[in-house]
Amino acid sequence: MPSSLSFLALVLILLVELLHGSNLPAATENPPGAYDLAVSFSPSTRSLTATARITLPPATGLALELGDLAISGMLLRRADGSEVVPVAGPRGRLQLVEEKELRELYISYRRQVDGTGDDLINPDGIVLLGLWHPLPDREMRFSLRAKLPPGFIAVTESDRFPLATEGDATIAVFSQPRRNLHFVAAPYAAASREVRPGLQVHTLFFPEERELAPSYLESAAGYLQRYERQIGPFPYNHYVIVANRLPTGLGLPTFTLMGRQVLRLPFIRQTSLGHEILHSWFGNSVEVAATGGNWCEGLTTYLADHAYRADRGEAAADRKERIVTYLNHVNDNNVIPLAAFASADHRQPQAEAVRAVGYNRGALLFAELEARLGPEVFTRAIRHFYARHRGTTAGWNDLRQAFSATAGQDLAAFFTERLERTDIPDLAVEEIDIRQTASGPHLSFRLRQKTERPYSLQVPVVVTTAGGTSRFSVTAAGGDTSVSLTTDGWPLQFSIDPEYTFLRRLHPAEGPPVWSQFLGAEKKLAILQSEAVRAVYQPLLAALADDSWIVKPADEVKVGELQDGAVLFLGLDHPLSRSLFARPDLAAAGFSLDVRRNPLNSGQPAVLITSADREETAATAPKLRHYGRYSRLHFTGGRNDLQQIAAADAGMTFVLDRLPAGAATAELQPFADIIARLAANRVVFVGETHTSMADHHLQLRIIEALHRLQPDLAIGLEMFPTSSQPALDAYSSGDKSMDERSFLKASRYFQVWNQDYRLYRDIITFARSRGIPLVGLNLDKEVTSTVFKTGSTAALPEAAGNSLPVDRDLSLPGYAERLAVIHDMHQTAGHGDGSLSGFIQAQALWDEAMAEHIAEYLTRHPGRRMVVLAGTQHTRKDTGIPPRLARRLQLDQATVAALPANTADLATTVDFVFATEPVVLPDQAMIGVVLQSQTLDGRPALKVGGFTATSKADEAGLRKDDIVRAIDGLAIAEMDDVRIALLDTGIGGRIAVDVERPGPGGTMERLQLTIELVAPAGHPR
């Protein structure tokens, strides 16, 4: 024998004698084999020294992973007394082939722990979770003898606790076969309580947290009792809650290891502790089979996390949040079937997507299963599954068999669809119809599954009537399902799956904008307020940014880029963010995160983040991944103190009818009383339907009444842009040199506003008679038209762009959604060719500009009040001018409108309504000709191009190509002149029209014709 081998053999013999003399329990000669460990620690050098004795039963082979263990010796002893020195192969793997006789393998090794990863050895504690002993490829029965530093208490997988001691050694034996042990020791303060005879729960906390022990013991006892009732006997005789100096959250056989940093957080004891305890039944006692997918994370999440939310009445909310998280992280590029989920490791590629499949899709499978079978059958199946597989391994097929047997039905198709498919149900509702029948109101619709292959589904439908709600369950197994429901009252709305009983695609209105939507987006644009703030937000970028992120300063971002994907603003004091969200109400101190729908692309999130300084960002950034389900967050010093989820529809909701709002006539107030209340406001908005003479009549009555009470009054007008202000000033001040005709020309009324001037004439005339200032509030049409068509302000002339309000809020709740409906109507009717993004930006500019012009005017005139006349959509107090004015100026304001036909949203849109008498404005009389603009001799002129079907102008002698020069003595050069000339005429009236007509030899003949005016009807002929 070579001298080196003789020396190694001698060392191993000494180690074997030491191990044999340690009174370790004798190794069993029956499978699965025994694994005995003797270990000592050197906290000062951060190392351990150990010897392993592995007993292999006859006809058993073994492979061991040695990793980075520093092997000092190995010896394999056979039953006949012969010995060999095994040699590890490549990558630290030792392979022992099967032999007939019993064998014992001895391995002596040392391991240095450098402080990285999950392991720790130092004077403060010992944590061994990784490869700290040779790792077998099969389960074995472990025993352990450890020499601990003075004052340390240890825990590991064991049959008893506290662990036995013998001299300075701590001894553990675990009879449940495993592939590895986890070991933790520290100078703990121990506490315990009895759950029931034969079952104890313990805590091992550091002295600094010892006061937490009673509450943790009480909660743990409650969880253990809960799950013994629900599932069956606890598989061990003790459970230990152990604090770790490292950040962990692990549920291991007989104990859980929790980072001390989070022990004081309420949700740890209220949720996480129960989750880890439940793993004692599922994951530790019933282990996941090596093949066929990991079922236990989904089941544990459902029976723990979801169940606790259900206890608080939040079951549907929890299921919805899990669907939202799944949809936000899982896409066509990273999806895997549930059957392929194996590991919950945070460090695996696409970890968020993989975990969303295992935890959320898995939990939702069990939610759907319980909804189908009922709670009683579901619980019996769980108990049956546990009783059958306790102490062994199980797979999805075993779960299927347990549920099928208990339910008395074959659930193979159900499990196959949900385990093997990567798509999820996607529903649509079409062909909705309501009819009153002899048996009652009848609601019918077609439920369509949009997936290539339909799922077999039980779809809940909730119908709301004036008398309450009715619940139905629809079986949908094909691509199209005809649904016919009879209700006990007229259906007002119905919702598909409002309690989220199964995983499915969400209708756009169901999905709230949440942080995980950004984290899971395939394209992410992070926009720095400026390079100057990069240092403040660098900890966030370092913690979260990956290859899917593009990070740019705001000055380098074009508006069009904001529509392409998920957007995150880091700092909000830049015109780019302010053009979408103005100055959001976020706290200046601490760290704030606010997720909204991107107003330029409602399917994507826009995240607004502010941080007081780099330290606040650094304290918060590592925690943000854990708050993905929220829309709004705030942290102070890294501690969360605000979490909110934005409101969204519950279920796919379809509004069929609305009950009108009303009031008792005894509560109606006289006009004068309402005026007195309005007079207390500095700004009164009076909404209008532009073509309603009754609305304008109401506006005038309100202006008259308020002026009597508050003479220092101005009238703000949507109808005029600020560029018309000189004409408005001259006319309203009573300038004698400006009559009505010259005012209409100078203000360009017929160019800037496409409505009959007679609608506003009395209001403007009253203002002139009382010297009430008229204030133009609008933008020039060219501005909003350009933004609508181009989708950006970039195409505007520099001067026009610089004059626009910097702060523009496109994210007011419901604003973009309402404008999307209007835009679709315009597009369907062929009006306009601009994008939705451009339309929303243009409308917001419109509202913001009017708000800014009001604020500027009132600031210049501090004692003056204003009545604002604008369309009812602009005067809405929820999304129109009022909230935008309030952002700029602190003042009292009120909104008034005539009583509309639809009263459902009155409370959110106006403060006061009036029932008005109908006022009919006579049709504007027309000549009945088509006039074409021309330039003759360098001057504008109008040429007759044709006649309408009802025109009487041709009978009066007017001919095509005649040049119209005057009407009733008013010179005519452009269409505005014609509108002014006809302003006070009536249908059937006669006007004198002077025309020029080409004569012989190129001369122009001047004629005056008397023409009878007609109604505005007919087409050119």
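Computed from a predicted model, the values in this text were never measured in an experiment.

## Section: the overall build of the chain
Scanning the chain from terminus to terminus reveals 26 helices and 48 strands. For the chain, whose C-alpha radius of gyration is 40 Å, the value lies well above the compact-globule estimate of 31 Å for 1021 residues. When each of the 1021 residues of the chain is scored for burial, the buried share is 53%. Total accessible area computed for the chain in this model is approximately 44,300 Å², and 51% of it derives from carbon and sulfur atoms. In the chain, 101 side chains carry a positive charge and 118 a negative one; their mean positions are 1 Å apart.

## What about the packing of helix 6 (residues 351–373) against helix 8 (residues 396–407)?
Running from N to C, helix 6 and helix 8 point in directions that differ by 10°, and their axes come no closer than 12 Å. Relative to helix 8, the element helix 6 is oriented roughly parallel. Listed contacts from helix 8 to Leu-365, Phe-366, Leu-369 and Leu-373 of helix 6 are Trp-396, Leu-399, Phe-403 and Ala-407. By residue class, the composition of the contact of helix 6 with helix 8 is 8 nonpolar, no polar and no charged.

## Details of the nonpolar core
Within the largest apolar cluster, 129 residues are counted, with the highest numbers of intra-cluster contacts made by Phe-41, Phe-183, Trp-281, Phe-282, Trp-295 and Phe-403. Looking at this core, the element that brings in the most residues is helix 6, giving 12 residues. Residues lining this core come from more than one domain, with at least three contributed by each of domain 1 (286–420) and domain 2 (427–506). The residues contacting Phe-282, other than those within four sequence positions of it, are Ile-231, Trp-295, Cys-296, Leu-299, Thr-300, Leu-303, Ile-382, Phe-385 and Tyr-386.

## Thoughts on the pairing of strand 11 (residues 140–147)
Of all 8 residues in strand 11, 6 are buried, a share of seventy percent or more. Pairing between strand 1 (residues 34–42) and strand 11: 7 bridges, direction parallel. By the bridge assignment for strand 11, Ala-38 is matched with Arg-145.

## Quick word on the pattern of salt bridges
A full pass over the atoms with the stated rule returns 64 salt bridges. With a closest N to O distance of 2.3 Å, Glu-430 and Arg-446 form a salt bridge. Taken together, the residues span a long stretch of sequence, with Glu-430 in strand 23 (residues 427–437) and Arg-446 in strand 24 (residues 440–449) at a distance of 16 residues. Residue Arg-446 is classed as buried on the basis of its relative accessible area, which comes to 18%. Between Asp-807 and Arg-583 there is a salt bridge whose closest N-O contact spans 3.4 Å.

## Examining empty space enclosed by the protein
Overall, the coordinates contain 5 cavities of 30 Å³ or more when judged by the stated rule. In this structure, the largest cavity spans a volume of roughly 110 Å³. The element best represented in the lining of the largest cavity is helix 6, accounting for 4 residues. Of the residues assigned to the lining of the largest cavity, the class counts are 9 nonpolar, no polar and 4 charged. Split by domain, the lining of the largest cavity shows at least three residues from each of two domains, domain 1 (286–420) and domain 2 (427–506). Looking at the second largest cavity, its volume works out to about 50 Å³. Surrounding the second largest cavity, Leu-678, Ala-679, Asn-681, Val-684, Leu-706, Gln-710, Leu-713, Arg-865, Met-866 and Val-867 form its lining. The greatest single-element share of the lining of the second largest cavity, amounting to 3 residues, is contributed by strand 40 (residues 865–871). Grouping the constituent residues of the lining of the second largest cavity by class yields 7 nonpolar, 2 polar and 1 charged.

## Let's talk about the UniProt feature "binding site: Zn(2+)" (unreviewed entry) in the chain
Under the UniProt annotation, the feature "binding site: Zn(2+)" (unreviewed entry) is placed at His-275, His-279 and Glu-297. Of the residues just listed, which span 23 residues, no C-alpha pair is farther apart than 9.5 Å, and they cluster in one region. Setting aside anything within four residues of it in sequence, one finds His-275 in contact with Glu-297, Thr-300, Thr-301, Ala-304, Asp-305, Tyr-308 and Tyr-359. As for its placement among the helices and strands, Glu-297 is situated in helix 4 (residues 296–311). The exposure class assigned to Glu-297 is buried, which follows from its relative accessible area of 10%.

## What to know about the sheet that holds strand 6 (residues 93–99)
Strands sit in the order 6-3-10 across an open sheet of 3 strands; the sheet is antiparallel. Every other strand in the sheet has two partners, leaving strand 6 and strand 10 (135–136) as the edge strands with one partner each. Here strand 3 (residues 60–65) pairs with strand 6 via 5 bridges, running antiparallel. Its bridge partner being in strand 6, Thr-60 is matched across the sheet by Glu-99.

The rules behind these values
Residues numbered from 1 in each chain as written. Predicted model: local features only at pLDDT ≥ 70, side-chain atom pairs only at ≥ 80, totals over all residues. Heavy atoms only, no water. Helix = DSSP H or I, 4+ residues; strand = E, 2+ residues; numbered from the N terminus. Rg over C-alpha atoms; globule rule 2.2 N^0.38 Å. Buried < 20%, exposed > 50% of the residue type's maximum accessible area, 1.4 Å probe, protein only. Areas by Shrake-Rupley, 256 points an atom, 1.4 Å probe, with all protein chains shown as cover. Lys, Arg positive; Asp, Glu negative; His and termini not counted. Charge placed at Lys NZ, Arg CZ, Asp CG, Glu CD. Axes fitted to C-alpha atoms, helices over the stretch in contact; angles between N-to-C directions. Parallel < 35°, antiparallel > 145°, perpendicular 65-115°, else oblique. Contact = heavy atoms within 4.5 Å. Nonpolar A, V, L, I, M, F, W, Y, C, P; charged D, E, K, R; others polar. Core = buried A, V, L, I, M, F, W, Y, C linked by side-chain atoms within 4.5 Å. Domains from an automatic or database assignment. Pairing = 2+ DSSP bridges. Salt bridge = Lys/Arg side-chain N within 4 Å of Asp/Glu carboxyl O. 1 Å grid on protein atoms, 1.4 Å probe; cavity = no way out; pocket = protein on both sides within 12 Å on 5 of 7 lines; lining within 4 Å. Points joined across faces, edges and corners; volume = space filled by probe spheres on them. UniProt positions renumbered as here; feature names shortened; annotations may be inferred.

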